[in-house]
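Next come the chains, spelled out residue by residue.
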Amino acid sequence: MTAEYQVHGSVAVITLNNPPVNGMGLVTRTAAVKGIQQALADDAVKAIVITGAGKAFSGGADIKEFNSPKALAEPSLHTLIATAESSTKPVVAAIHTVCMGGGLELSLGCHYRVAMPGAQIALPEVKLGLLPGAGGTQRLPRVLGLEMALNMIVSGTPVLSDKLAGTGLFDEMFAADADLLTSAVAFAEKIADARPLPKVRDRKVDYPNHEAFLQFSRNTVKAMSGPFPAPLECVETVAASITMKFDEGMKFERERFMHLIQTTESKSLRHAFFSERIASKVPDVPADTPVRAIKSAAIIGAGTMGGGIAMNFLNAGIPVKLLETRQEALDKGLATIRKNYENTMKKGKLTQEKFDQRMALVSGTLSYADIGQADIVVEAVFEEMGVKEAVFRKLDEMMKPGAILATNTSTLDVDQIAAFTKRPEDVIGTHFFSPANVMKLLEIVRGAKTGKDVLATALALSKKLKKTGVVSGVCDGFIGNRMIEQYSRQAGFLLEEGALPEQVDKAAEKFGFAMGPFRMGDLAGNDIGWAIRKRRYVEKPEISYSKTADLLCEMGRYGQKTGAGWYDYKAGDRKAYPNEQVNAMIVQHSAGLGVARRRISDQEIVERLVYSLVNEAASILEEGIALRASDIDMVYLTGYGFPLYRGGPMFYADTVGLPKVLAAIRQYATGHHGEAWTPAPLLVKLADEGKTFNG
Ligand code: NAI
């Protein structure tokens with residue numbers, strides 16, 4: 001039983017009890033319906049109270065059942081709500097802490113609602129690309145009015161119950177120190193004999209000139225919701241609460257809900273939601289693996305990454321010591337942190353008090369003796385093995401036993417770095433993304449000898465730092481950069497064959513990438529890729545690259561930082577202006593290679609960029625570098641600007657159909673630089689078996 005039944009005098013109390021937030025799973029629904037029936041059958045019972053145990057009235061749908069047939073099995077949420085609403089004895093919802101989604105919809109089917117202040121009230125379905133499908137769109141406007149209900153349903157944002165006191169949603173708001181159960185039972189006794197029983201469905205939504213308001217809402221919501229259909233569907237269904245009779249509106253809501261649940265956009269959002277939750281689970285590291293306490297941190301190197309990484313710890317209230325080789329570099333790093341926080345403060349997103357707190361937590365040093373007691377040290381020095389070796393040997397010597405030794409390397413071998421110490425079990429990769437204080441992704445690189453408790457600690461830490469932690473094995477580039485390498489290669493080959501940077505970027509951005517590959521290169525600095533390629537030309541001469549990017553760097557065009565890259569930039573303006581000389585260089589390079597330039601379609605551009613990611617990802621998955629396809633999707637959604645409404649590269653490939661993806665790859669393998677397209681065995685296998693990456 002996940003709902004308890006008790007009788008207090010003449011009042012039956014049904015307590016939803018399905019931790020952590022009393023999700024409306026099948027067992028809970030069944031128990032609640034039974035509870036109502038039991039109360040109806042008992043002559044001594046005059047009224048019914050429904051409430052929730054623990055930390056919620058109800059958080060809504062039980063996410064454990066989300067994609068299972070149980071979600072729609074009888075008694076459905078509709079049936080439960082109908083049972084409450086048609087009860088011949090009054091039903092009172094006693095709301096506290098959290099009342100969201102299906103939980104709020106259930107309460108709207110009750111005859112009365114009483115609440116504690118401070119409860120979070122929301123219909124958040126839109127965040128998963130859906131709309132409230134159990135009467136929320138029809139009942140909420142009837143108690144809150146058209147405007148407020150529309151705002152809540154379109155945004156999905158929680159509103160505190162006290163802010164809604166005095167609206168038709170609540171019949172009584174109790175004092176903050178009241179006992180909810182006692183007060184709710186007293187309320188139920190008071191209204192036990194009142195007839196007729198009030199039903200939200202019988203109310204009317206009244207709004208003068210509602211058509212004008214609805215049209216205004218459609219226009220604004222359409223402009224703001226981008227590719228997602230749900231927000232506009234929310235407007236349409238809420239509109240039905242005023243333009244249709246209640247039962248017609250319910251039918252309409254059901255129909256639009258069933259439509260949305262089938263859309264790729266909603267499926268992508270739900271995929272991202274579940275992928276994020278599952279990413280922190282590592283099969284051989286059980287949830288009860290002990291974690292090490294992280295109460296202090298040290299960062300080695302106060303450059304671009306070191307400063308940003310430090311801010312993550314400071315934001316989480318963890319004191320940080322920054323270590324540099326020179327006072328000047330240290331001062332610069334500390335000044336950058338201060339300036340970043342000052343800018344946030346200017347934007348009104350940080351109070352002076354918080355600013356002072358954070359700055360008080362950071363200090364600098366030039367001496368390892370000052371950092372030896374830190375619980376974790378994150379190394380963010382130059383990307384050179386020799387420099388890393390010196391740092392890790394020193395850390396091994398100076399850090400207290402049990403300290404975690406993390407490296408932020410983006411390309412170097414974490415196992416080799418671990419081998420510089422006598423405690424490889426304490427070494428792990430924590431690959432932050434730039435700007436480290438903003439980007440959500442944290443690739444957690446598990447070395448061959450990394451301790452399970454160290455991995456569990458890093459995963460727990462990523463949550464504390466509000467990052468999406470994704471575990472990667474050791475390989476060149478880990479998950480994200482190993483894939484982007486193939487994408488960048490294709491971008492270069494496209495230039496050789498006939499495209500110009502602007503066309504490639506526009507096609508990628510139209511597909512939904514936050515930024516096309518060339519604008520991205522200009523932002524990150526083209527010299528970084530140049531340095532990596534120069535190393536590859538020596539270490540892996542078998543890999544082919546377009547030389548256009550090298551020629552660009554030889555022109556001194558490193559990107560935004562030099563005011564010129566693939567595009568021109570004007571001071572104080574991030575807009576990219578195409579440059580004639582660059583385009584002429586590209587055309588001339590093709591001529592030098594003897595390539596007859598051709599018109600390349602946007603479809604080909606997108607396919608080559610995205611399928612190159614997918615093909616490499618399939619190898620990454622097969623090699624066990626990534627634990628699951630959804631982890632790869634999380635890396636791309638949170639670290640590489642992959643469009644959320646497409647769910648990540650693997651999910652996107654699944655929606656296109658793997659046989660189709662494979663056929664395109666085989667086709668490109670016959671073209672210019674076809675050697676870049678060897679289909680990954682896992683892709684071939686899954687395509688042949690009619691399977692998908694995400695199972
Ligand atoms: P950076 O050049 O901005 O900063 C490096 C800092 O380390 C400099 O301030 C330097 O003075 C200091 N340093 C050098 N040797 C040192 C030593 N022995 N002891 C103490 N401090 C020392 O470099 P950036 O971009 O911050 O990169 C740092 C690390 O992060 C590299 O491993 C890089 O591959 C990685 N990374 C960089 C990303 C980026 O977008 N810049 C993204 C992800 C990782």
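Note that the structure is predicted; figures quoted are calculated from it, not measured. (Residues numbered from 1 in each chain as written. Predicted model: local features only at pLDDT ≥ 70, side-chain atom pairs only at ≥ 80, totals over all residues. Heavy atoms only, no water.)

A. View of the domain arrangement of the protein chain. Examined at the domain level, the protein chain breaks down into domain 1 (3–261), domain 2 (297–438) and domain 3 (480–689). A straight line from the C-alpha centre of domain 1 to that of domain 3 covers 48 Å. (Domains from an automatic or database assignment.)

B. Geometry of the UniProt feature "domain: 3-hydroxyacyl-CoA dehydrogenase C-terminal" (unreviewed entry) in the protein chain. UniProt's feature table lists "domain: 3-hydroxyacyl-CoA dehydrogenase C-terminal" (unreviewed entry) at residues 477–569 and 605–691, given in the numbering used throughout. Measuring from the first to the last C-alpha atom of residues 477–569 gives 29 Å, for a span that is 62% helix and 3% strand. Within residues 605–691, the helical portion is 66% and the strand portion 0%, while the C-alpha atoms at the span's ends are 26 Å from each other. (UniProt positions renumbered as here; feature names shortened; annotations may be inferred. Helix = DSSP H or I, 4+ residues; strand = E, 2+ residues; numbered from the N terminus.)

C. Examining the sheet that holds strand β7 (residues 120–122) more closely. Spatial ordering of the open sheet is given by β5-β7-β8, a layout of 3 strands whose pairing is mixed. A single partner strand is all that each edge strand has here, and the edge strands are β5 (98–100) and β8 (159–160). (Pairing = 2+ DSSP bridges.)

D. Broad picture of the pattern of salt bridges. All chains considered together, the criterion is met by 37 salt bridges. Taking the shortest distance from any N to any O, the salt bridge between E485 and R536 comes out at 2.8 Å. On the criterion of sequence distance, the pair formed by E485 in helix α17 (residues 480–497) and R536 in helix α20 (residues 526–539) is long-range, its members being 51 residues apart. Judged by relative accessible area, R536 falls into the buried class, the value being 8%. A single salt-bridge network, built from bridges that share partners, covers E85, R139, R201 and D247. (Salt bridge = Lys/Arg side-chain N within 4 Å of Asp/Glu carboxyl O. Buried < 20%, exposed > 50% of the residue type's maximum accessible area, 1.4 Å probe, protein only.)

E. Main features of the pairing of strand β18 (residues 567–570). The two faces of β18 differ: Y567 and Y569 on one face are buried, but D568 and K570 on the other face are not. Alignment of β18 against strand β19 (residues 573–578), held across 3 bridges, turns out to be antiparallel. Directly across from D568, in β19, lies its bridge partner Y577. Between β18 and the antiparallel strand that follows it, β19, lie 2 residues; G572 among them carries a positive phi value of about 70°.

F. Here's a closer look at the site of the ligand. Close to the ligand lie 22 residues; M305, E324, E383, K388 and S410 are nearest. Separating an oxygen atom of the ligand from a side-chain N or O atom of T304 is a distance of 2.9 Å. In the complex, 79% of the free accessible area of the ligand, which totals 830 Å², lies under the protein chains. If you list the elements that add at least two residues to the shell around the ligand, you get α11 (304–315), α14 (385–398) and β15 (427–432). Residue contributions to the shell around the ligand peak at 3 residues, all from α14. Of the residues assigned to the shell around the ligand, the class counts are 10 nonpolar, 9 polar and 3 charged. (Near = heavy atom within 4 Å. Polar contact = N/O pair within 3.5 Å; in protein donor to acceptor, adjacent residues only side chain to side chain. Areas by Shrake-Rupley, 256 points an atom, 1.4 Å probe, with all protein chains shown as cover. Nonpolar A, V, L, I, M, F, W, Y, C, P; charged D, E, K, R; others polar.)

G. Examining the UniProt feature "domain: 3-hydroxyacyl-CoA dehydrogenase NAD binding" (unreviewed entry) in the protein chain more closely. The UniProt record annotates "domain: 3-hydroxyacyl-CoA dehydrogenase NAD binding" (unreviewed entry) at residues 297–472. As annotated, residues 297–472 comprises 41% helix and 20% strand, and the C-alpha atoms at either end are separated by 23 Å.

H. Up close: helix α13 (residues 352–360). Turning to α13, its buried residues number three or more, namely F355, R358 and M359. Relative to the axis of α13, the buried residues are bounded by an arc of 95° and lie together on one face. Projecting away from the buried face of α13 at angles above 90 degrees are the exposed residues E353 and A360. Buried residues along α13 sit in contact with α11, α12 (327–346) and β12 (362–365). (Arc of directions from axis to C-beta. Contact = heavy atoms within 4.5 Å.)

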